[in-house]
Amino acid sequence: MPRGVKKSDLPTKTCATCGKPFTWRKKWEKVWDEVKYCSDRCRGAKPPRR
């Protein structure tokens, strides 16, 4: 019997800086509710003005 979860079944969020969707990662398991950015590059950049 296969283990784990299919990648298509993982939760996703939209990056606060670039607006692209990104999926859950194992290293974010305990802090998933606090994750806002898809990468360190987006985290360091200013969000676009609206």
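Please refer to the structure placed before this passage.
Now for a look at the structure at hand. Only a predicted model underlies this, so the values are computations on that prediction, with no experimental measurement involved. (Residues numbered from 1 in each chain as written. Predicted model: local features only at pLDDT ≥ 70, side-chain atom pairs only at ≥ 80, totals over all residues. Heavy atoms only, no water.)

## Description of the side chain of threonine 17
Checked against the element boundaries, threonine 17 lands in the loop between strand S1 (12-14) and strand S2 (21-23). There is a polar contact of 3.0 Å between the side chain of threonine 17 and the backbone oxygen of cysteine 42. (Helix = DSSP H or I, 4+ residues; strand = E, 2+ residues; numbered from the N terminus. Polar contact = N/O pair within 3.5 Å; in protein donor to acceptor, adjacent residues only side chain to side chain.)

## Side note on the pattern of salt bridges
The tally for this structure, following the rule as stated, stands at 2 salt bridges. One salt bridge connects lysine 26 with glutamate 29, and the closest N-O pair in it is separated by 3.0 Å. Residue classification places lysine 26 among the exposed positions, given a relative accessible area of 58%. A salt bridge links arginine 43 to aspartate 40, with the nearest nitrogen and oxygen atoms 2.6 Å apart. Of this pair, arginine 43 and aspartate 40 are both found in helix H1 (residues 40-44), 3 residues apart, which corresponds to roughly one turn of the helix. (Salt bridge = Lys/Arg side-chain N within 4 Å of Asp/Glu carboxyl O. Buried < 20%, exposed > 50% of the residue type's maximum accessible area, 1.4 Å probe, protein only.)

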